[in-house]
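# Coordinate inspection notes
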Amino acid sequence: MRRALCRALAVAFALGGSTLSMGQAFRPAAYLPIAASVVRVEADLEQGRLSVGSGVTVAPAVIATNCHVVRDATSIRVAGGGATWYIDAERGDLRRDVCFLRAPGWMGRPVMLARGDHPALGSTVVALGFTAGAAITPHVGTVSALHDFDGASVIESNASFNSGASGGGLFDDEGTMVGLLAFRRRDSTTSYYALPVEWVREAMARDGDWNEVHPLSGPAAFWQGDESQLPAFMRIDAAR
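Now for a quick tour of the structure. The structure presented is a predicted model; accordingly, all values stated were derived computationally and were not measured.

### With respect to the sheet that holds strand S11 (residues 169-172)
- Read around the closed barrel, the 6 strands follow the order S8-S9-S10-S13-S12-S11; overall the barrel is antiparallel. Pairwise comparison of adjacent strand axes, ignoring direction, gives a mean angle of 40° for this sheet.
- Here strand S8 (residues 124-131) runs beside strand S9 (residues 135-149); their pairing, made up of 8 bridges, is antiparallel. Among the inter-strand pairings, Phe130 is bridged to a residue of S9, identified as Ile136.
- Of the strands in this sheet, S9, strand S10 (152-157), strand S12 (177-184) and strand S13 (192-196) touch helix H4 (residues 197-205), which is tilted by about 35° from S13.

Structure representation (structure tokens):
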């Protein structure tokens, strides 16, 4: 099983593209435990609709994801380890777009969270999530910018991902999680953003406040407003 997953990751990296230089060696085996800790998130919405994203195991039976994936959910389940696990409680910070799901019985191993305040500019990162919600697909890139916002640095990289990978993880070349995949710049096909791992740490430190799964009310994520409401680094004029 592990050997097959290693081959699958190697093929996925080859198909997904890579910005690694000739002097850098990618080691698929290093990402095996990470792949086993990333889950597909399925959120049932009203009127039979479905929201699909990704999530990362950050504590025993606890999965971090984006709030925009689950905020309108009436029920949530995650797929991992060849089985489906139902979520019995959730909590999070809607504005920062960091939500946590509690999955009793889920035995996924928590990933290692970076302890530095951010990865270095130009460093190699790997975006790992479920492409189109169908298959876990890693993409390699580099950190192109760090944007100070709300006490931490939002990470911009060219490690691509699509909406099905929202809530997945951004990892450094050692397999440590440095950010939570979230969104792409509206006017770009090369700027992809991950939420700071500090926000994940801060929210995890606040134990309690678990609620039954239900549609969440509150502010939109910081990156989802009108142009005038967006952080300065996301405004189209700022990129010119």
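Now that the structure has been shown, the text picks up again.
### Observations concerning the sheet that holds strand S2 (residues 50-59)
- If you walk across this open sheet you meet the 7 strands as S5-S4-S1-S2-S3-S7-S6, and the pairing is antiparallel. In the strand order of this sheet, the two ends are held by strand S5 (83-86) and strand S6 (89-93), each with one partner. Each neighbouring strand pair of the sheet contributes to a mean axis angle of 30°, computed without reference to strand direction.
- Sheet topology places S2 next to strand S3 (residues 62-65); 3 bridges connect them, and they run antiparallel.

### Some words on the packing of aromatic side chains
- This structure, assessed with the given rule, holds 10 aromatic pairs.
- Relative to Phe222, the ring of Phe149 has its centre 4.8 Å away and its plane inclined at 35°; by these criteria the two rings are tilted. Pair noted here: Phe149 is in strand S9 and Phe222 is in the segment after H4, with a separation of 73 residues, a long-range link. The same class applies to Phe149 as to Phe222, namely buried.
- Relative to Phe233, the ring of Tyr193 has its centre 5.8 Å away and its plane inclined at 40°; by these criteria the two rings are tilted. Of this pair, Tyr193 sits in strand S13 while Phe233 is found in the segment after H4, placing the two residues 40 residues apart along the sequence. Here Tyr193 matches Phe233 in class, with each residue buried.
- Linked through ring pairs, Phe149, Phe183, Tyr193, Trp199, Phe222, Trp223 and Phe233 together constitute an aromatic cluster.
- Over the ring of Phe100 we find Arg91, and its NZ or CZ is 5.3 Å from the ring centre.

### Some remarks on the state of the cysteines
- Summed over all chains, the structure comprises 1 disulfide.
- The disulfide bridge from Cys67 ends at Cys99, spanning 2.1 Å between sulfur atoms. Because the sign of the S-S torsion sets the handedness, a value of about 100° for the bond joining Cys67 and Cys99 places this disulfide among the right-handed ones. With a gap of 32 residues between them, Cys67 in helix H3 (residues 67-70) and Cys99 in strand S7 (residues 98-102) connect regions that are remote in the sequence.
- Taking the relative accessible area as the measure of exposure, Cys67 reaches 1% and is therefore buried.

### Some details on the nonpolar core
- Core analysis: the biggest nonpolar cluster contains 46 residues, and Leu170 and Phe222 have the highest contact counts within it.
- The leading source of residues in this core is S12, at 6 residues.
- Beyond its immediate chain neighbours, meaning those up to four positions away, Phe222 contacts Arg95, Arg96, Phe149, Val154, Phe183, Leu195, Trp199, Gln229, Leu230, Pro231 and Phe233.
- The next biggest cluster of nonpolar side chains, apart from the first, holds 19 residues, and it includes Val41, Ala43, Ala73 and Trp106.

What counts and how
- Residues numbered from 1 in each chain as written.
- Predicted model: local features only at pLDDT ≥ 70, side-chain atom pairs only at ≥ 80, totals over all residues.
- Heavy atoms only, no water.
- Pairing = 2+ DSSP bridges.
- Helix = DSSP H or I, 4+ residues; strand = E, 2+ residues; numbered from the N terminus.
- Axes fitted to C-alpha atoms, helices over the stretch in contact; angles between N-to-C directions.
- Contact = heavy atoms within 4.5 Å.
- Phe/Tyr/Trp six-rings, centres within 6.5 Å; stacked < 30°, edge-to-face > 60°.
- Buried < 20%, exposed > 50% of the residue type's maximum accessible area, 1.4 Å probe, protein only.
- Lys NZ or Arg CZ within 6 Å of the ring centre and 35° of its normal.
- Disulfide = S-S within 2.5 Å.
- Core = buried A, V, L, I, M, F, W, Y, C linked by side-chain atoms within 4.5 Å.

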